[in-house]
Amino acid sequence: MGFDLRQVVAGILTLTMFVMLGQMIKRDHFDSPQEKLPGGAQDSQVIERDGLVKLSTSSKGPWIEDIEELKPCWSTVFDQNEIEQSRGYVIFSLTNGPEYHVSQIADAMVVARYLSATLVLPDIRGSKPGDERTFEDIYDVEKFIKSLEGVVKVAKGLPDQISIRDLAAVKVPNRVTEDYIVENVEPVFKSKGNIRLATYFPTANMRKTAQKSSSDSVACLGMFGTLELQPEVNEVIDSMVERLRTLSRKSNGHFIAVDLRVEVLENKNCHGSGSGAKSCYDAQEIALFLRKVGFDADTTIYLTQSRWDNSLSVLKDIFPRTYTKENIMPKDKKGKFLASEGSEFEKVIDFYICSRSDVFVPAISGLFYANVAGKRIASGKPQILVPAEIPGTSAQVTNYLSPYVAKKNHLVYSCFC
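Every value quoted in this text rests on a predicted model; they were computed, and no experiment measured them. (Residues numbered from 1 in each chain as written. Predicted model: local features only at pLDDT ≥ 70, side-chain atom pairs only at ≥ 80, totals over all residues. Heavy atoms only, no water.)

What about the side chain of histidine 101?
So, point 1. Looking at the element boundaries, histidine 101 is found in helix α4 (residues 98-115).
So, point 2. The buried category is assigned to histidine 101, whose relative accessible area is 0%.
So, point 3. Once you skip the residues sitting within four places of it in the chain, histidine 101 turns out to touch Leu94, Thr95, Ile124, Tyr139, Leu227 and Glu344. (Helix = DSSP H or I, 4+ residues; strand = E, 2+ residues; numbered from the N terminus. Buried < 20%, exposed > 50% of the residue type's maximum accessible area, 1.4 Å probe, protein only. Contact = heavy atoms within 4.5 Å.)

Comments concerning the state of the cysteines
So, point 1. Applying the stated criterion across every chain yields a total of two disulfides.
So, point 2. Across the disulfide, cysteine 73 is cross-linked to cysteine 417 (sulfur-sulfur distance 1.9 Å). Note that cysteine 73 is positioned in the loop between α3 (41-49) and β1 (89-95) and cysteine 417 in the segment after α17 (412-415), a separation of 344 residues in sequence.
So, point 3. Across a sulfur-sulfur distance of 2.0 Å, cysteine 220 and cysteine 415 are joined as a disulfide pair. Linking cysteine 220 and cysteine 415, the disulfide has an S-S dihedral of approximately -75 degrees and is accordingly described as left-handed. Of the two residues, cysteine 220 is situated in helix α7 (residues 216-224) and cysteine 415 in helix α17; the sequence distance between them amounts to 195 residues. (Disulfide = S-S within 2.5 Å.)

A few points about the packing of α4 against helix α14 (residues 344-356)
So, point 1. Closest axis-to-axis distance for the α4/α14 pair is 9 Å, and the angle between their directions is 85 degrees. On the basis of the axis angle, α4 is roughly perpendicular to α14. On the side of α4, the interface is formed by Pro98, Glu99 and His101, while α14 contributes Glu344, Lys347, Val348 and Phe351.
So, point 2. Taken together, the residues of the contact of α4 with α14 sort by class into three nonpolar, one polar and three charged. (Axes fitted to C-alpha atoms, helices over the stretch in contact; angles between N-to-C directions. Parallel < 35°, antiparallel > 145°, perpendicular 65-115°, else oblique. Nonpolar A, V, L, I, M, F, W, Y, C, P; charged D, E, K, R; others polar.)

Remarks on the environment of leucine 265
So, point 1. Of note, leucine 265 is situated in helix α9 (residues 262-266).
So, point 2. Between the C-alpha atoms of leucine 265 and aspartate 282, which are 17 residues apart in sequence, the distance is 7.1 Å.

Quick notes on the packing of aromatic side chains
Two aromatic rings, taken as a pair, are described by how far apart their centres are and by the angle between their planes.
So, point 1. All chains considered together, the criterion is met by 12 aromatic pairs.
So, point 2. With a centroid separation of 5.6 Å and 85 degrees between ring planes, the pair formed by phenylalanine 289 and tyrosine 400 is classed as edge-to-face. On the criterion of sequence distance, the pair formed by phenylalanine 289 in helix α10 (residues 283-292) and tyrosine 400 in the loop between α15 (367-378) and α16 (403-406) is long-range, its members being 111 residues apart. When sorted by exposure, phenylalanine 289 lands in the same class as tyrosine 400, which is buried.
So, point 3. Both rings, one in phenylalanine 351 and one in tyrosine 352, keep their centres 5.3 Å apart while their planes meet at 70 degrees; by these two values the pair is edge-to-face.
So, point 4. On the basis of relative accessible area, tyrosine 352 is assigned to the buried category, the value being 10%.
So, point 5. By the ring-pair criterion, three or more aromatic residues cluster together here, those being Phe351, Tyr352, Phe360 and Phe368.
So, point 6. Cation over ring: arginine 261 sits above phenylalanine 368, and NZ or CZ is 5.5 Å from the ring centre.
So, point 7. One Lys or Arg, lysine 278, reaches over the ring of tyrosine 281 and ends 4.9 Å from the middle of that ring. (Phe/Tyr/Trp six-rings, centres within 6.5 Å; stacked < 30°, edge-to-face > 60°. Lys NZ or Arg CZ within 6 Å of the ring centre and 35° of its normal.)

Any functional reading would require information beyond the geometric quantities listed.
Printed below as a string of structure tokens:
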């Protein structure tokens, strides 16, 4: 039985990325409430006065209203001469779920444009063996290619005449800089002519930086202007969101999405930071947090947990309207979208429901939280509450607004205005 060298190279890169991802998760944690906001009623008034959020007056509970969608600030005019003559190909895969896909797309675009290379449409690889999909299984291919017109050349496949031996494996850090490309990528590309790219993540935060680069517009476009779901996936998510709103009649159709996955909590040290900051919260802690900031027992909650777990019962005891995907997905879609626990389809569903909910609560720190926050901020949904252990019986909900919103320090604020 022969081996496909292309799969071997891809497998090695994927394994390496999983190892680095595990190391990154272990040292990631939420900002502490003290660092985030000093606390107290005055802080809430400052946040509302500055126009960051506005508490709803038409709904029962501490719901925060949507604001106007932000407008892209990145340049839409690119030098066409830089992409006229393709000098080779950049191949890459999307891995680990949509929270990673947006960053992987952005880095691949920055590298391909700098090298004047053609970007090959990526495949999608899940975390489990055999969980491989084509780009069009999840995303809209034609809209993706159209969004890159005049920026980067795109090919749907690698030409037959290019051998696997022409592909050099190259790793780049997320938010790759031009200096890094010059020193570490360009020499390999010039030598081999074609490269297979893999992004690794030294950190999971998405804070904006003061450093400016000529590639910023390309990165912004890659993260926020290229990926749209294909129609069937979009329809499933629409139906699930509509179902959640129907179940939320007592709260004016509003619901909370909580990123809480039992398997992650079991493998993560929630008190791992030397500063005492927590990196995750369990079902009981989330239930107490939500009650103390003012949400009542009629509140509808969506959990990203794949299947119901007995450890979640404490949350359901306090908030009976708590659901997972299996409760609200149309029956005729479960065979395809819930066939394999933890599949790429499930990750996509979670990412986009959390991006569209009326409140998002990340019980787990990491890139899912960071990139859902970016998508929400851009679309005018700043209702992101970072949980904490609250002393006493109640607290102002705006005291726990994500620092990405309260401090406007998310990368998205560099791309939108």
